Amino acid sequence: MLFFFFFQVLNEKKLQEVDSLWKEFETPEKANKIVKLKHFEKFQDTTEALAASTALVEGKLSKNLKKILKKIVAKDAHEQLAVADAKLGGVIKDKLNLSCIHSPMVTELMRGIRSQIEGLITGLPSREMAAMCLGLAHSLSRYKLKFSPDKVDTMIIQAISLLDDLDKELNNYIMRCREWYGWHFPELGKIITDNLTYCKCVRKVGDRSNFASSDVSDILPEEIEEDVKAAAEISMGTEVSEEDINNIIHLCDQVIEISEYRTQLYDYLKNRMMAIAPNLTVMVGELVGARLIAHAGSLLNLAKHPASTVQLLGAEKALFRALKTKRDTPKFGLIYHASLVGQTNTKNKGKISRMLAAKTALTIRYDALGENTSAEMGAENRLKVETRLRLLEERGIRRISGTGKALAKTDKYQNKSEVKVFDPSGDSTLPVVSKKRKIQEVEEQDTEVAVIAKKFKAGMK
């Protein structure tokens, strides 16, 4: 049995002393002097009680409560109704035109009534009261969780964490397998680069001496198969026992099983991401989207983050280190692994990551709070980011004012350079003399020579 209870205040003067109001509810006798039970309404079942409780928690007015309040309004229209939730009080005032009051005094009064509820309500055993409260609390908690197999982001968090763990374990196993079998057949590791193919080939053949008689055409291409068989005949590896080969084959079995499970888990994560956050998946991919959700704790928590926080999620240490040392802050975190950022050149990575984070924040809120499950919004925003990326790569300039959809028209740049000829006179270290001066010096020298020649002839005579 569950009820709606309404109490009437008997002594309003004592309610004015908020700090000492708790003393009036120390015993059931004192509490009965402050308030008394005015009206109660029984619920038909737990489902009806859960609906009423949920409406109260969300600040809404349920049908049952509306009927009861109409009865009270008809009897005591002049009295005020004390409510613990201001939002609910506003709804009651708008729909029923009933005066409501919400203050710290009302909060203390509600706390006192809850502490002495067994003494204020007679004829209801304490054991039944506890059972009713516990049942309603469990029902309300289950409703708040809103459990739905298609809308639970906890599965995404666990799946992406397990996927990362599997990748680490696979790397360790494969490295150990290559190193272990490399003692026996070191040339195989250079010929077969794919890890899964390497393990399948080792598991099927075993000892390198069996390569000559084994058919691995279902695993390797014909050319590589011939290279492997040729290398097996002249291998420099050491001989190992059959027990060693068996342990290596068992390790290869583990690697193949984990790889198959990882592929299955990735498909599961991809389907789950498309069901819970389709627009986020279209924008940044299922792996980056899942890591963002896991880092924030849930899709709803991620939706509360602004675009600047989404851009730097995963780079918190670098951000605070940069702030502490007064250096440049990072431009991206987990969003760096998105395909749109990866295909951008280094110069424009910061701009694209900022725009991608802004559009991603919109898609996250649409997925978390919207009722539509289509991925159209994510596709539209991704197209905008791709257009912006293309413009940056082509060094286009967007018009800042106006619609911003057309490219600003600019004059084509033309390099106008003057061709300069090398002046060889700069290579000479002798002082520069003008041509006129040179002619005058030559004429003077000729006259001096002529005078000396005349004197010489006269002396000879």
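Residues numbered from 1 in each chain as written. Predicted model: local features only at pLDDT ≥ 70, side-chain atom pairs only at ≥ 80, totals over all residues. Heavy atoms only, no water.

K.L.:
Would you mind showing me how to read the overall build of the protein chain here?
P.N.:
For the protein chain, the helix and strand inventory stands at 21 helices and four strands. For the protein chain, buried positions account for 32% of its 461 residues. Sequence-distant contacts, at least 24 apart, represent 62% of the contacts inside the protein chain between residues at least 6 apart. Accessible surface, the protein chain: about 30,900 Å² in total, of which carbon and sulfur atoms supply 54%. (Helix = DSSP H or I, 4+ residues; strand = E, 2+ residues; numbered from the N terminus. Buried < 20%, exposed > 50% of the residue type's maximum accessible area, 1.4 Å probe, protein only. Contact = heavy atoms within 4.5 Å. Areas by Shrake-Rupley, 256 points an atom, 1.4 Å probe, with all protein chains shown as cover.)

K.L.:
Can you help me understand the pattern of salt bridges in this one?
P.N.:
A side chain with one charge may pair with a side chain of the opposite charge, provided their charged atoms come close. Considering all chains together, one arrives at eight salt bridges under this definition. In this structure, Asp-167 and Arg-262 form a salt bridge, with 2.4 Å as the shortest nitrogen-oxygen distance. Here Asp-167 is found in helix α8 (residues 154-182), whereas its partner Arg-262 is found in helix α12 (residues 242-276), with 95 residues between them in sequence. Judged by its relative accessible area of 23%, Arg-262 falls in the partly exposed class. The shortest N-O distance in the salt bridge between Arg-208 and Glu-239 comes to 3.0 Å. With Arg-208 in the loop between α10 (195-205) and α11 (222-233) and Glu-239 in the loop between α11 and α12, this pair connects stretches of sequence that are 31 residues apart. Judged by its relative accessible area of 11%, Arg-208 is buried. (Salt bridge = Lys/Arg side-chain N within 4 Å of Asp/Glu carboxyl O.)

K.L.:
For this particular structure, what's the right way to read a positive patch on the surface?
P.N.:
Taken together, Lys-331, Lys-347, Lys-351 and Arg-354 make up a surface patch of like positive charges. Assignment of secondary structure puts Lys-351 in helix α19 (residues 349-369). Take Lys-351: its relative accessible area is 40%, and that puts it in the partly exposed class. (Patch = residues over 30% accessible without salt bridge, like charges linked within 9 Å, V, L, I, M, F, W, Y side chains within 5 Å. Lys, Arg positive; Asp, Glu negative; His and termini not counted. Charge placed at Lys NZ, Arg CZ, Asp CG, Glu CD.)

K.L.:
What's the story with the nonpolar core in this structure? I'm lost.
P.N.:
Grouped burial of nonpolar side chains is what soluble globular proteins tend to show. Tyr-181, Leu-188, Phe-211 and Leu-356 are the most contacted members of the largest nonpolar core, which totals 61 residues. Counting residues per element, this core draws most heavily on α12, which supplies twelve residues. Each residue touching Tyr-181, except ones within four places of it in the same chain, is listed here: Leu-188, Tyr-198, Val-202, Gly-206, Asp-207, Arg-208, Phe-211, Ile-245 and Ile-248. (Core = buried A, V, L, I, M, F, W, Y, C linked by side-chain atoms within 4.5 Å.)

K.L.:
Please clarify how unusual backbone geometry should be interpreted in this entry.
P.N.:
Backbone phi values are negative for most residues with the exception of glycine, while trans is the configuration of most peptide bonds. A positive phi is found at Lys-326, a non-glycine position, where the angle reads about 60°. Among the structural elements, Lys-326 can be located in the loop between α17 (316-325) and α18 (339-342).

K.L.:
Would you mind showing me how to read the environment of Arg-291 here?
P.N.:
By secondary structure assignment, the location of Arg-291 is in helix α14 (residues 286-296). With 130 residues separating them in the primary sequence, Arg-291 and Ser-161 have C-alpha atoms 8.3 Å apart.

K.L.:
When you look at α19 in this model, what are you seeing that I'm missing?
P.N.:
Three or four residues apart is the spacing at which side chains of an α-helix point the same way, because the helix has 3.6 residues per turn. Look at α19: 30 Å from first C-alpha to last across 21 residues, which is about the 30 Å you get at 1.5 Å a residue. For α19, every residue scored as buried is listed here: Lys-349, Gly-350, Ile-352, Ser-353, Leu-356, Ala-357, Lys-359, Thr-360, Ala-361, Thr-363, Ile-364 and Asp-367. Against α12, α13 (278-284), α15 (299-303), α16 (307-312), α18 and α20 (376-393) lie the buried residues of α19. (Expected span 1.5 Å × (residues − 1).)

K.L.:
Can you help me understand the state of the cysteines in this one?
P.N.:
Each disulfide consists of one covalent bond between the sulfur atoms belonging to two cysteines. Counting across every chain of the model gives zero disulfides. With no disulfide partner, Cys-177 has as its closest neighbouring cysteine sulfur the one in Cys-252, 3.4 Å distant. Free cysteine Cys-201: the closest other cysteine sulfur is in Cys-252, separated by 9.6 Å. What makes Cys-201 buried here is its relative accessible area of 0%. (Disulfide = S-S within 2.5 Å.)

K.L.:
Looking at this model, I keep getting lost on the packing of aromatic side chains. Mind explaining?
P.N.:
In this description, a pair of aromatic rings is defined by centroid distance and the angle of the planes. With the rule as written, the count across this model stands at three aromatic pairs. A centroid spacing of 4.8 Å and a plane angle of 40° characterise the contact between Phe-332 and Tyr-336, whose relative ring orientation is tilted. Phe-332 sits in the partly exposed class, given a relative accessible area of 23%. Of note, Arg-178 hangs over the ring of Tyr-198, and the distance from its end group to the ring centre comes to 4.4 Å. (Phe/Tyr/Trp six-rings, centres within 6.5 Å; stacked < 30°, edge-to-face > 60°. Lys NZ or Arg CZ within 6 Å of the ring centre and 35° of its normal.)

K.L.:
Any chance you could explain the side chain of Asn-279 here in plain terms?
P.N.:
By secondary structure assignment, the location of Asn-279 is in helix α13. Of the polar contacts made by the side chain of Asn-279, one reaches the backbone nitrogen of Met-377; its length is 3.4 Å. Sequence-distant contacts of Asn-279, that is, excluding residues within four places in its chain, are made with Thr-363, Tyr-366, Asp-367, Ser-374, Ala-375, Glu-376, Met-377 and Gly-378. (Polar contact = N/O pair within 3.5 Å; in protein donor to acceptor, adjacent residues only side chain to side chain.)

K.L.:
Help me understand the packing of α8 against α14 in this model?
P.N.:
Helix packing for two helices is described by the angle between their axes and how far apart those axes are. Running from amino to carboxyl end, α8 crosses α14 at an angle of 115°, the nearest separation of the two axes being 9 Å. When the axis of α8 is compared with that of α14, the two are roughly perpendicular. Like other packed secondary-structure pairs, α8 and α14 cross with a definite hand, here left-handed. Here Ile-156, Ile-157, Ile-160, Leu-163 and Asp-164 of α8 come into contact with α14, specifically with Leu-287, Ala-290, Arg-291, Ile-293 and Ala-294. Residue composition of the contact of α8 with α14, grouped by class: eight nonpolar, no polar and two charged. (Axes fitted to C-alpha atoms, helices over the stretch in contact; angles between N-to-C directions. Parallel < 35°, antiparallel > 145°, perpendicular 65-115°, else oblique. Left-handed = near helix turned anticlockwise from the far one by under 90°. Nonpolar A, V, L, I, M, F, W, Y, C, P; charged D, E, K, R; others polar.)

K.L.:
Would you explain the packing of α10 against α12 in this entry?
P.N.:
Taken N-terminus to C-terminus, the directions of α10 and α12 make an angle of 140°; their axes are 9 Å apart at the nearest point. Regarding the angle of α10 to α12, the classification is oblique. Like other packed secondary-structure pairs, α10 and α12 cross with a definite hand, here left-handed. Contacts between α10 and α12 involve Leu-196, Cys-199, Lys-200, Val-202 and Arg-203 from the first element and Ile-248, Ile-249, Cys-252, Asp-253, Val-255, Ile-256 and Ser-259 from the second.

K.L.:
Just checking my understanding: could you explain the environment of Leu-10 for this structure?
P.N.:
Tracing the backbone through its elements, the reader meets Leu-10 in the loop between β1 (3-9) and α1 (28-34). Its relative accessible area of 45% is what places Leu-10 among the partly exposed residues. Linking Leu-10 and Asn-32, residues 22 residues apart in sequence, is a C-alpha distance of 8.7 Å. If near-sequence neighbours (up to four positions away) are discounted, Leu-10 is found in contact with Asn-32, Lys-33, Ile-34, Val-35 and Lys-36.

K.L.:
Hey, could you run me through the environment of Leu-299 in this one?
P.N.:
Structurally, the position occupied by Leu-299 is in helix α15. Beyond its immediate chain neighbours, meaning those up to four positions away, Leu-299 contacts Asp-153, Ile-276, Ala-277, Ile-293, Ile-364, Asp-367 and Ala-368.

K.L.:
Would you mind showing me how to read the confidence of the model for the protein chain here?
P.N.:
Fine structural detail should not be taken from predicted coordinates in areas where pLDDT scores are low. Model confidence for the protein chain is summarised by a mean pLDDT of 80, while 80% of its residues fall at 70 or above. Within the protein chain, helix α21 (residues 435-460) has the poorest average pLDDT of any element, 62, and α14 the best, 94. Contacts from residues 396-402, a stretch scored under 50 in pLDDT, to residues over four places away or in other chains number 15 contacts. Within the model, the stretch residues 404-408 combines pLDDT values under 50 with eleven contacts to residues more than four positions away or in other chains. (pLDDT = per-residue confidence, 0-100.)

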